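# Inside the fold
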Amino acid sequence: MEQAKKAKMSALEQLKNFTTIVADTGDFESMKLYKPTDATTNPSLILNAAKMERYQGIVDKAVEYGNKTGGSSEEKVAEAMDYLCVLFGCEILKIVPGRVSTEVDARLSFDTDKSVQKALKLIALHEDMGIKKYRILIKLASTWEGIKAAKILESEHNVKCNLTLLFSFAQAVACAEANVTLISPFVGRILDWYVANTDKKKYEPQEDPGVVSVTKIYTYYKKFGYKTDVMGASFRNTGEIKALAGCDLLTIGPSLLKELENDSAEIVPQLSAEKAAEANLEKISIDEPTFRWMLNEDAMSTDKLSEGIRKFAVDAVALENLIRKRIEL
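Presented here is a report on the structure given in the accompanying data block. As the structure is a prediction and not an experimental result, all values here were calculated from the model.

What counts, and where the lines are drawn
- Residues numbered from 1 in each chain as written.
- Predicted model: local features only at pLDDT ≥ 70, side-chain atom pairs only at ≥ 80, totals over all residues.
- Heavy atoms only, no water.
- Helix = DSSP H or I, 4+ residues; strand = E, 2+ residues; numbered from the N terminus.
- Polar contact = N/O pair within 3.5 Å; in protein donor to acceptor, adjacent residues only side chain to side chain.
- Contact = heavy atoms within 4.5 Å.
- Expected span 1.5 Å × (residues − 1).
- Buried < 20%, exposed > 50% of the residue type's maximum accessible area, 1.4 Å probe, protein only.
- Salt bridge = Lys/Arg side-chain N within 4 Å of Asp/Glu carboxyl O.
- Pairing = 2+ DSSP bridges.
- Axes fitted to C-alpha atoms, helices over the stretch in contact; angles between N-to-C directions.
- Parallel < 35°, antiparallel > 145°, perpendicular 65-115°, else oblique.
- Left-handed = near helix turned anticlockwise from the far one by under 90°.
- Nonpolar A, V, L, I, M, F, W, Y, C, P; charged D, E, K, R; others polar.
- Disulfide = S-S within 2.5 Å.

## Here's the deal with the side chain of Asn-42
Tracing the backbone through its elements, the reader meets Asn-42 in the loop between β2 (38–40) and α4 (43–50). For Asn-42, the side chain forms a polar contact with the main-chain nitrogen of Ser-44, separated by 2.9 Å. Beyond its immediate stretch of four places on either side in the chain, Asn-42 contacts Glu-103, Lys-139 and Phe-312.

## Side note on the side chain of Ser-115
Here Ser-115 is to be found in helix α7 (residues 112–128). Apart from residues no more than four positions distant in its own chain, Ser-115 is found in contact with Val-104, Leu-108, Leu-140 and Ala-149.

## Points about α7
Compared with the 24 Å implied by 1.5 Å per residue over 17 residues, the 24 Å span of α7 between its first and last C-alpha is a close match. Among all positions in α7, only Thr-112, Ser-115, Val-116, Ala-119, Leu-122, Ile-123, Leu-125 and His-126 are buried. Lining the buried residues of α7 we find α5 (56–69), α6 (73–92), β3 (100–103), β4 (136–141) and α8 (144–157). One side-chain oxygen at the N-terminal end of α7 lies 3.3 Å from the backbone nitrogen of Asp-113; it belongs to Asp-111. Of the residues one or two after α7, Gly-130 is the one with positive phi, at around 90°.

## Concerning the pattern of salt bridges
Tallying each qualifying case throughout the model produces 21 salt bridges. With a closest N to O distance of 2.8 Å, Arg-292 and Glu-145 form a salt bridge. With a gap of 147 residues between them, Arg-292 in helix α15 (residues 288–296) and Glu-145 in helix α8 connect regions that are remote in the sequence. One continuous salt-bridge network, built from bridges that share partners, spans Glu-79, Asp-82, Lys-118 and Lys-121.

## What about the sheet that holds strand β8 (residues 249–252)?
The strand order around the closed barrel formed by eight strands is β1-β2-β3-β4-β5-β6-β7-β8, and the pairing between neighbours is parallel. Across the sheet, the axes of successive neighbouring strands diverge by a mean angle of 30°, strand direction being ignored. Where β3 lies against β4, four bridges are found, and the strand directions are parallel. By the bridge assignment for β4, Glu-103 is matched with Lys-139.

## With respect to the environment of Lys-200
Among the structural elements, Lys-200 can be located in the loop between α10 (188–197) and α11 (209–223). Look at Lys-200 and you get partly exposed, because its relative accessible area is 37%. Look past the residues within four positions of Lys-200 in its chain and what remains in contact with it is Tyr-194, Val-195 and Glu-207. Reaching out from Lys-200, the side chain makes a polar contact with the side chain of Glu-207 at a distance of 3.1 Å.

## Quick notes on α10
Along an α-helix, residues three or four apart share an orientation, since each turn contains 3.6 residues. The set of residues buried in α10 consists of Gly-188, Arg-189, Ile-190, Leu-191 and Trp-193. Each element contacted by the buried residues of α10 is listed here: β5 (161–166), α11, α12 (238–243) and α16 (299–324).

## Let's talk about the environment of Lys-32
Looking at where Lys-32 falls in the secondary structure, it is placed in helix α3 (residues 28–34). By relative accessible area, Lys-32 is classed as partly exposed at 46%. Taking the C-alpha atoms as reference, Lys-32 lies 22 Å from Asp-248; in sequence the two are 216 residues apart.

## Some remarks on the packing of α10 against α16
Where α10 contacts α16, the axes come no closer than 10 Å and their chain directions differ by 120°. The orientation of α10 with respect to α16, classified from their angle, is oblique. With respect to the hand of their crossing, α10 and α16 are arranged in right-handed fashion. In this structure, α10 uses Arg-189, Ile-190, Asp-192, Trp-193 and Tyr-194 to contact α16, whose residues at the interface are Ala-299, Met-300, Asp-303, Lys-304, Gly-308 and Phe-312. Grouping the constituent residues of the contact of α10 with α16 by class yields six nonpolar, one polar and four charged.

## Overview of the packing of helix α9 (residues 169–177) against α11
Contact geometry of α9 with α11 gives a least axis separation of 10 Å together with a crossing angle of 30°. Relative to α11, the element α9 is oriented roughly parallel. Here the hand of the crossing between α9 and α11 comes out right-handed. For the pair formed by α9 and α11, the contact residues are Phe-169, Ala-172, Val-173, Cys-175 and Ala-176 on the first element and Lys-216, Ile-217, Tyr-220 and Tyr-221 on the second.

## Things to note about the state of the cysteines
For the coordinates displayed, the defined rule picks out zero disulfides. Free of any disulfide, Cys-85 has its nearest cysteine sulfur in Cys-90, 11 Å distant. In this structure Cys-85 comes out as buried when scored by relative accessible area, which is 19%. Free cysteine Cys-161: the closest other cysteine sulfur is in Cys-175, separated by 9.8 Å. Judged by relative accessible area, which is 0%, Cys-161 ranks as buried.

In structure tokens:
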């Protein structure tokens, strides 16, 4: 009887037994449907949600706040932008039992001080709405400056951070040494680069370069006892997700959540702390010159990090323009 019950479990439900599932979306309806523990947002997801008719009430509230608190038209837009991100975060936290990741403007990716200031402002806005800061993860790009900002936020302000746009082992080691709460290594975007820049166009899940990267990072963290959690992100197919079963967290978009919900294949953990303990790895330490050199020598990571920052910055500008049209000038 128990075996029959197990067989009927979807791949998604099986995955939840050994990996924390996070919804990679700004759409509340998807979260209600798939019941993730946490949720992540970014400028692209907020922009898409802000264009949806059912979320215009939230945009209106943000615009009203910007008009009330800002001085110049640009200050009004900036205030409305921050408030919009926080409003979405608060609504999400009514649905998920865990945490929401709220992203610092990508245009601050190379400014440690301003990243810290922005993060603290976002935390304060959440707290003004009754949300305790332990339910917020501040997302920062995994530049050297972003990692420094996260270290300050974690050690001096007890603000938990999620380091995103992470493509390389150097970035991962620097984050672990900074004692950040969580990293989000991007699986699918790594695959995209290899498909676009090498002769090989198809990969089995276990040899997928994004899967290989996250597996190495997870193994390194567990072997050497780092407290930083690994959350695989940016998936292109369910094969990548299944190949990382057992990872601390996986953040998954609605379309792939739906595929996993409709899939009854047995899911077997691929990653574990026990396996990691047996791995033959050497511990390394990374300072700023080493970080910059290792990143420079990694063409894929350099390309994808800069591309990711540019794209999030473009989406932030698009969101500003959407708000600007509705601000009372």
